[in-house]
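# Observations on the three-dimensional arrangement
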There are 2 protein chains.
Amino acid sequence: MTRKINFNAGPAALPLPALERAREELLDFVGSGMSVMEHSHRGKEYEAVHDESIALVRELLGVPSNYEVLFLQGGATTLFAQVPMNFLDKGTAARYLVTGAWGEKALGEAKAVAGMFGAEVSVQSLGVGEGKEKKYTRVPALSDVKVDAGNAYLHITSNETIHGVQFNADGTRPFPHTGSVPLVADMSSDILWRPFDITKFGLVYAGAQKNIGPSGVVLVVASKDLIEKGRKDIPKIFQFRTHADNKSLYNTPPTFGIYMVRNVLSWIKGQGGLPKLEEANRKKASRLYGVIDANSRFYRSPVEKESRSAMNVVFRLPSPELEDQFIAEAKKRGMVGLKGHRSVGGIRASIYNAAPYEWVDALAGFMEEFQRGK
Amino acid sequence: MTRKINFNAGPAALPLPALERAREELLDFVGSGMSVMEHSHRGKEYEAVHDESIALVRELLGVPSNYEVLFLQGGATTLFAQVPMNFLDKGTAARYLVTGAWGEKALGEAKAVAGMFGAEVSVQSLGVGEGKEKKYTRVPALSDVKVDAGNAYLHITSNETIHGVQFNADGTRPFPHTGSVPLVADMSSDILWRPFDITKFGLVYAGAQKNIGPSGVVLVVASKDLIEKGRKDIPKIFQFRTHADNKSLYNTPPTFGIYMVRNVLSWIKGQGGLPKLEEANRKKASRLYGVIDANSRFYRSPVEKESRSAMNVVFRLPSPELEDQFIAEAKKRGMVGLKGHRSVGGIRASIYNAAPYEWVDALAGFMEEFQRGK
């Protein structure tokens, strides 16, 4: 088998050792004579994996004991609704900072929930233009973020997968400072590729299918205080406390998905943890943005430099025809997943944890070559 | 490897060929150079599997074109809330027929939703006793089911996994006739082991982890008419129409889970479809109930004969000590998953589609032998 060079935005490439480990024991998990998929979620064999996944998140992210680590289902899209269901009530208001398409979706669901509960949602949007022409090219500088002290929470999308804009925690575009207002972040394409201070957040959530596993699992890390403030009059399955009180075993979890997350997190640890991964990921992003900037008459990044994503490198060529040709020729060299999201077009290379430098270097080399030929 | 004889209630045993197929192509799906987990849910390779899963459900269950087949997330427990969220509104009332612990849970979530929306829930419970002593031992005869013509829907749990009571579609305990009131059923441990007339139902849902796949996928089959009647003012992710309009690709589905469901359904088809499976499953259940009835001084089924489940065979021994000993000795013979649910105790053998007759026969033989030794 020749392994594809996979730049998919999610579901995305997984570390080969995590997949090989799964294949090796797919029919006989830890010598039990059963697949991990066939084990009860309440049996000791599965529970060991479940506990290890939670412990690895705690260790890798440095999650303190006053925070919970949960594995939920339904994708980040379900969290778009679940977060406001927990924290909005009659007369309260949440605030949404919208820096791309995923933030818009989160906002839409929050408005539906606000309508159900007689609450309000206020918005700061960084989009320019209207409708299909709307463009998102940046996240705000710290001083541009507006929050009211009375807000139930401020919601951000820390990396916008489609538009390729990202808060850069340690640079000129840090995560917002919200004082006593809980900061809530959709980190689906932004979790576990670099260290960050989780204690500045009330709750973060992330679909696993980008940096940490297959689709069908959502990682939630949240402060116990915030979880306790959640409504108690909504269905139990949507209350974060239900899952916190039951170690994410209130109902049957997606056991194989959490097992794969364990395999990936274990690989991350073996790589040297988040500091080492950040180094590797920044090197990958620099390689691609380097080619774009060095060839700016041909390649164009639509994103403000300070807001460029290290996970999703979005760029344009001089024409849609050249972009199609670029994608087709890349495919011949074994590179897939380079087509930009259908809502924005262009090229997008998603270079999450599992994409090795060699893949990125191959793409960069191809970009240089393709441009020379035009 | 010696494969365990697995009587787990769910996640449960999977057909060995479905697992072997997954192992075979885990790193290289249809020669694509990537795992199925690494494919985009919008790419043609995954989409072919997704479409095949839907088509197989349609074919095996005989689903007509005015019904939708959906794959959702969050387990049946999420559906406990999602169903009333779609179909309850101020001034309406849903009716719940409770024949076991899962029906109680569904009822609890429906009450929470009714509280949010100013709706009502009425209940017919077949439980006897109170609290921890409450016992469920039967489903109602047709004439005993009470529904009001004005009910938004009647909800049943067609097989109660914990208590081992089941509607027997063609016998003396058929599914309720509800006239113009939509019949909604949690069929988690009851789907796709026998043919039934889906057109008598408005909506059925089933967690995959018993008869059709790994945990993390919920199958929903629902009439288009009912889906269209659902509320439009709840979050989009919870509206059934959202998933129907997007072929269950509104957000990233649990791709590997649906792939495994495809492998299992394909195996079911290869076995001769549901009529053949029903034959095999009834033979398995008869073997176990045969031993229980022939040795009724030692083994005791707490369930009314007409309501006995063909999926979860629940029985007691003369004492809890003998039950513990039974489980321990069975384990020595490679049989696992026989401990009754912690809420009711006793013994439970879950004998879903993937449990071959040989497993059941081995258990029956052991039951006879164990009893002789006492």
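All values reported here derive from a predicted model rather than from experimental measurement. (Residues numbered from 1 in each chain as written. Chains lettered and ligands numbered in written order. Predicted model: local features only at pLDDT ≥ 70, side-chain atom pairs only at ≥ 80, totals over all residues. Heavy atoms only, no water.)

## Quick notes on the nonpolar core
Stated formally: By nonpolar core we mean a set of buried residues, namely Ala, Val, Leu, Ile, Met, Phe, Trp, Tyr and Cys, connected to one another through side-chain atoms within 4.5 Å. Exposure is judged per residue with a 1.4 Å probe applied to protein chains only, and the accessible area is read against the type maximum: over 50% gives exposed, under 20% gives buried, and values in between give partly exposed. Throughout, a contact is declared for two residues whenever any of their heavy atoms are within 4.5 Å.
Judged by nonpolar contacts, the single largest core of 118 residues is most densely connected at Ile191(A), Val221(A), Ile191(B) and Val221(B). With residues near it in sequence (within four places) discarded, Val221(B) still touches Val57(B), Leu61(B), Val63(B), Tyr67(B), Glu68(B), Val69(B), Ile198(B), Gly202(B), Leu203(B) and Val204(B).

## A short note on the packing of helix α2 (residues 44-61) of chain B against helix α7 (residues 255-270) of chain B
Residues and elements named next belong to chain B. Defined as follows: With axes taken as lines fitted to C-alpha atoms, and helix axes fitted only over the stretch in contact, angles between N-to-C directions fall between 0 and 180 degrees. Labels follow the DSSP assignment, with helices taken as runs of H or I lasting at least four residues and strands as runs of E lasting at least two, numbered in each case from the N terminus. Note on angle classes: values under 35 degrees are labelled roughly parallel, values over 145 roughly antiparallel, values of 65 to 115 roughly perpendicular, and the remainder oblique. Each crossing gets its hand from how the near helix is turned against the far one by less than a right angle, where anticlockwise is left-handed and clockwise is right-handed. Residue polarity is assigned by list, with Asp, Glu, Lys and Arg as charged and Ala, Val, Leu, Ile, Met, Phe, Trp, Tyr, Cys and Pro as nonpolar; anything else, Gly included, falls into the polar class.
α7 packs onto α2 with a crossing angle of 45° between their chain directions and a minimal axis gap of 9 Å. Considering their axes alone, α2 and α7 lie oblique with respect to each other. In this structure, α2 meets α7 at a crossing whose hand is left-handed. Here Tyr46, Val49, His50, Glu52, Ser53, Leu56, Val57, Glu59 and Leu60 of α2 lie close against α7, whose contacting residues are Thr255, Ile258, Tyr259, Arg262, Leu265, Ser266, Ile268 and Lys269. Taken together, the residues of the contact of α2 with α7 break down into nine nonpolar, four polar and four charged.

## A word on the relation of the copies chain B and chain A
Basically, it comes down to this: Residues reaching a pLDDT of at least 70 in both copies supply the C-alpha atoms on which the copies are superposed by least squares.
After a rotation of 180° and a shift along the axis of 0.0 Å, chain B superposes on chain A with an RMSD of 0.0 Å. What the superposition gives is, in effect, a two-fold axis relating one chain to the other. When the interface residues of chain B are mapped onto chain A, 100% of them again lie at the interface, so the same face is used by both copies.

## Thoughts on the pattern of salt bridges
For side chains of opposite charge, pairing can occur when their charged atoms come near one another. All names here are of chain B. Test applied: Salt-bridge detection follows one rule: a side-chain nitrogen of Lys or Arg within 4 Å of a carboxyl oxygen of Asp or Glu.
Counting across every chain of the model gives 40 salt bridges over all chains. Between Asp233 and Arg231 there is a salt bridge, with the nearest N and O atoms lying 2.8 Å from each other. Residue Asp233 is classed as partly exposed on the basis of its relative accessible area, which comes to 40%. A relative accessible area of 12% means that Arg231 is categorised as buried.

## Topic: the interface of chain B and chain A
As a reminder of what qualifies: Buried area: the accessible area, evaluated with a 1.4 Å probe, that two parts lose upon being put together, summed over both parts.
At the interface, 62 residues of chain B touch 62 residues of chain A. Of the roughly 4900 Å² buried at the junction of chain B and chain A (both faces included), carbon and sulfur atoms supply 62%. On the chain B side of the contact with chain A, Leu27(B), Met37(B) and Glu38(B) bury the most area, a combined 14% of that side's loss. With a closest N to O distance of 2.6 Å, Glu38(A) and Arg3(B) form a salt bridge.

## Focus: the sheet that holds strand β2 (residues 67-72) of chain A
Residue and element names in this part refer to chain A. Put simply, the rule reads: A pair of strands is labelled paired if DSSP reports no fewer than 2 bridges between them.
Here we have seven strands laid out as an open sheet, ordered β2-β10-β9-β8-β5-β3-β4, and mixed in their pairing. At either margin of the open sheet sits one strand with a lone partner, and together these are β2 and β4 (120-125). Averaged over all neighbouring strand pairs, the angle between strand axes comes to 15°, with direction disregarded.

## Some remarks on the packing of aromatic side chains
Cut-off, in case you're wondering: Only centres within 6.5 Å qualify two rings of Phe, Tyr or Trp (six-membered ring in Trp) as a pair; their planes then separate them into stacked at under 30 degrees, edge-to-face at over 60, and tilted for everything else. Only Lys NZ and Arg CZ are tested; either one counts as a charge over a ring when it is within 6 Å of the ring centre and within 35 degrees of the ring normal.
Throughout the structure, instances matching the rule amount to 38 aromatic pairs over all chains. Taking 5.5 Å as the distance between ring centres and 80° as the angle between the ring planes, the aromatic pair formed by Phe196(A) and Phe201(A) counts as edge-to-face. We classify Phe196(A) as buried; its relative accessible area is 10%. Grouped by ring-pair contacts, the aromatic residues Phe29(A), Phe256(A), Tyr259(A), Phe29(B), Phe256(B) and Tyr259(B) constitute a single cluster. A cation over an aromatic ring shows up here: Lys283(A) above the ring of Tyr357(A), its NZ or CZ 4.2 Å from the ring centre.

## Considerations on the packing of helix α1 (residues 16-24) of chain B against α7(B)
To describe two helices that pack against each other, one gives the angle between their axes and the distance between the axes. All names here are of chain B. Where α1 contacts α7, the two axes come as close as 8 Å, and the packing angle between them is 135°. What the angle tells us is that α1 and α7 run oblique. Helix-helix and strand crossings are classified by hand; for α1 and α7 the assignment is right-handed. Residues Pro17, Ala18, Leu19, Arg21 and Ala22 of α1 form the contact with α7, whose participating residues are Tyr259, Met260, Arg262, Asn263, Val264, Ser266 and Trp267. Here the residues of the contact of α1 with α7 sort into eight nonpolar, two polar and two charged.

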